[in-house]
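Tertiary structure, described
Spelled out from the first residue to the last, the chains are:
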Amino acid sequence: MKAQCDRATLTEGVQAALGVVPHRSPKPTLGCIKVEAAPGAVTLLATDLEVGIRVNLTKVDVQEPGTCLVPAERFHAILRELEVETVAVSSGDRETEIVAPGARFKVLGEDPADFPNVPAFPEAGALTILADDLAGMIKRTLFATARENTRYALNGVLWEVEGTNLTLIATDGRRLSHVKGKCKGGGEKGQSAIVPSKAMQLIERCLATSGDAKATVRVAIGEKDLLVESPQADGNRWTIYSRLVDGHFPKYDDVVPKDCDRRATLSTAVFHAAVRKAALLTNEESRGVHLKFSPEELVLTSSTPEMGEAEVRIAVSYEGEPLDIGFNPVFLIDALKAMDAEQFTFAFKGPNKPGVMTEDKSFTYVIMPVSIV
């Protein structure tokens with residue numbers, strides 16, 4: 001193969017593919033990026049056998065079609081150090097040559113025939129959603145997935161499609177995040193899928209570089225996999241493939257309290273700042289902030305024997321009986337960072353029951369209280 005490529009576009013594509021490449025693998029081919037050159041386009045492919053990506057580049061001049069398999073880290077490092085507009089990429093027998101004015105690199109790779117298949121986006125059966133909407137939904141759920149959990153289904157985000165409604169849900173057993181959005185082409189028959197956290201992180205990163213927030217993203221949900229295709233942006237289009245988590249997601253509807261009789265309306269920024277201040281004097285052993293609600297004031301306190309005490313007071317609009325309740329400040333801050341609205345509602349049923357944070361009518365966050373001595 002032989003192609004002239006825009007260096008910035010190629011570097012961006014290689015960086016996106018690098019997010020899939022496993023750091024350690026017994027299979028050398030998985031540490032590589034497959035480069036496929038065809039008339040008018042170059043496609044970069046990477047996979048760890050669970051998640052895969054195809055990056056289609058059109059800012060290229062392909063003189064000779066072909067394929068090569070290049071070690072991902074070396075490929076990215078070389079492109080990052082070059083300060084030129086275009087680079088020439090050509091390949092021979094398990095060798096890839098990268099040439100720029102004043103520099104030439106000959107990189108040893110692997111046999112392209114040994115590289116696993118990365119599925120392309122199907123021609124039919126896809127739903128569409130605005131790129132900005134999907135990015136916002138992922139931002140409001142991904143943080144609530146479990147980092148380590150024996151219930152593997154918790155290490156992913158549940159997608160539910162019903163008609164024009166798309167819902168994403170994530171939980172780690174101590175909190176639950178639930179966000180609603182709109183899509184097109186969902187069909188009358190409902191669909192659901194648990195998408196691994198790694199794939200969700202990759203989709204989020206790629207959406208951040210897709211350019212036009214009002215462009216549409218295509219999503220295809222199969223029985224065992226999910227594919228997401230971005231719009232064409234600045235010469236790039238990526239397709240992410242992910243195998244689905246094989247498991248049962250918890251019945252999340254049972255977790256959300258339905259009859260809360262105590263309700264506070266809070267400024268998102270003011271409450272965020274207050275929680276951060278109160279959390280300054282907490283540690284791993286006593287990671288809890290105490291919230292005391294009264295009709296016009298909220299008092300946040302924390303205390304640790306080794307560090308001291310903190311007290312922060314803010315104004316609040318509160319309805320219901322006075323309430324004393326404790327929460328992990330990290331879990332509160334995670335949700336507050338994901339919110340865009342100036343205000344949100346914090347509702348409660350009692351001091352030992354979960355709290356419910358809601359932003360508009362689309363984002364619901366359920367958080368379990370903690371005991372504070």
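For the structure given in this document, a descriptive report is provided here. Values in this document were obtained by computation on a predicted structure and should not be read as measured data.

Here we come to the packing of helix H5 (residues 268–278) against helix H6 (residues 329–338). When two helices pack together, you describe them by how their axes are tilted relative to each other and by the distance separating the axes. Running from amino to carboxyl end, H5 crosses H6 at an angle of 155°, the nearest separation of the two axes being 10 Å. On the basis of the axis angle, H5 is roughly antiparallel to H6. Once H5 is placed against H6, the crossing between them reads as left-handed. Counted together, Thr268, Phe271, His272, Val275 and Arg276 of H5 and Pro329, Leu332, Ile333, Leu336 and Lys337 of H6 form the full contact between these two elements. In terms of residue class, the contact of H5 with H6 is built from six nonpolar, two polar and two charged.

Judged by nonpolar contacts, the single largest core of 99 residues is most densely connected at Leu10, Ile53, Trp159, Phe271, Leu291, Leu300 and Phe346. In this structure Ile53 touches Ala16, Ala17, Val20, Leu44, Leu45, Ala46, Val118, Leu202, Cys206, Trp238, Thr239 and Ile240, once residues within four positions along its chain are discounted. Counting eight residues, the second-largest nonpolar core is a separate cluster that includes Leu158, Leu176, Ile194 and Phe249.

A word on the sheet that holds strand S25 (residues 355–359). Spatially, the nine strands line up as an open sheet ordered S14-S11-S12-S13-S26-S25-S24-S18-S22, and their pairing is antiparallel. Because the sheet does not close on itself, it has two edges, and the strands there are strand S14 (191–196) and strand S22 (317–319). The mean inter-strand angle of the sheet, taken between neighbouring strand axes irrespective of direction, is 15°. The pairing of strand S11 (residues 156–162) with strand S12 (residues 165–171) spans five bridges and is antiparallel. Residue pairing across strands places Val161 opposite Leu166, the latter belonging to S12. Across the sheet, helix H3 (residues 131–139) touches S11, S12 and strand S13 (175–182), and the angle it forms with S12 is around 25°. Against the sheet, helix H4 (residues 197–208) engages S11, S12 and S14, with an angle of about 90° to S14.

Relative to the 16 Å expected for twelve residues at 1.5 Å per residue, helix H1 (residues 7–18) spans 16 Å between its end C-alpha atoms, a close match to the ideal helical length. Taken across its twelve residues, H1 has nine buried, putting it largely inside the fold. Buried within H1 are the following residues: Arg7, Thr9, Leu10, Thr11, Gly13, Val14, Ala16, Ala17 and Leu18.

Turning to the pattern of salt bridges, a few remarks are in order. Throughout the structure, instances matching the rule amount to 16 salt bridges. When the shortest N-O distance is used, the salt bridge between Arg104 and Glu97 registers 2.8 Å. Exposure remark for Glu97: the relative accessible area of 22% places this residue in the partly exposed category. Arg175 is the partner of Asp172 in a salt bridge, and the nearest nitrogen-oxygen pair spans 3.2 Å. Here the residues in one salt-bridge network are Lys139, Arg140, Asp340 and Glu359, joined through shared partners.

With respect to the helices, strands and loops of the structure, Thr11 is situated in helix H1. With residues near it in sequence (within four places) discarded, Thr11 still touches His76 and Leu79.

An ideal rise of 1.5 Å per residue puts 16 Å on twelve residues; H4 measures up with 17 Å between its terminal C-alpha atoms. For H4, the full list of buried residues reads Ser197, Ala199, Met200, Leu202, Ile203, Cys206 and Leu207.

With that settled, consider the side chain of Ser177. Among the secondary structure elements, Ser177 is positioned in strand S13. According to the relative accessible area criterion, Ser177 is buried, its value standing at 0%. When residues no more than four places from it in sequence are discounted, the contact partners of Ser177 are Arg140, Thr141, Phe143, Ala144, Leu168, Ile169, Ala170, Phe363, Thr364 and Tyr365.

With that settled, consider the environment of Val118. In this fold, Val118 is placed in the loop between strand S9 (103–108) and strand S10 (127–130). Overall, Val118 belongs to the buried group, its relative accessible area being 3%. Separated by 71 residues in the primary sequence, Val118 and Thr47 place their C-alpha atoms 7.0 Å from one another.

The rules behind each value
Residues numbered from 1 in each chain as written. Predicted model: local features only at pLDDT ≥ 70, side-chain atom pairs only at ≥ 80, totals over all residues. Heavy atoms only, no water. Axes fitted to C-alpha atoms, helices over the stretch in contact; angles between N-to-C directions. Helix = DSSP H or I, 4+ residues; strand = E, 2+ residues; numbered from the N terminus. Parallel < 35°, antiparallel > 145°, perpendicular 65-115°, else oblique. Left-handed = near helix turned anticlockwise from the far one by under 90°. Contact = heavy atoms within 4.5 Å. Nonpolar A, V, L, I, M, F, W, Y, C, P; charged D, E, K, R; others polar. Core = buried A, V, L, I, M, F, W, Y, C linked by side-chain atoms within 4.5 Å. Buried < 20%, exposed > 50% of the residue type's maximum accessible area, 1.4 Å probe, protein only. Pairing = 2+ DSSP bridges. Expected span 1.5 Å × (residues − 1). Salt bridge = Lys/Arg side-chain N within 4 Å of Asp/Glu carboxyl O.

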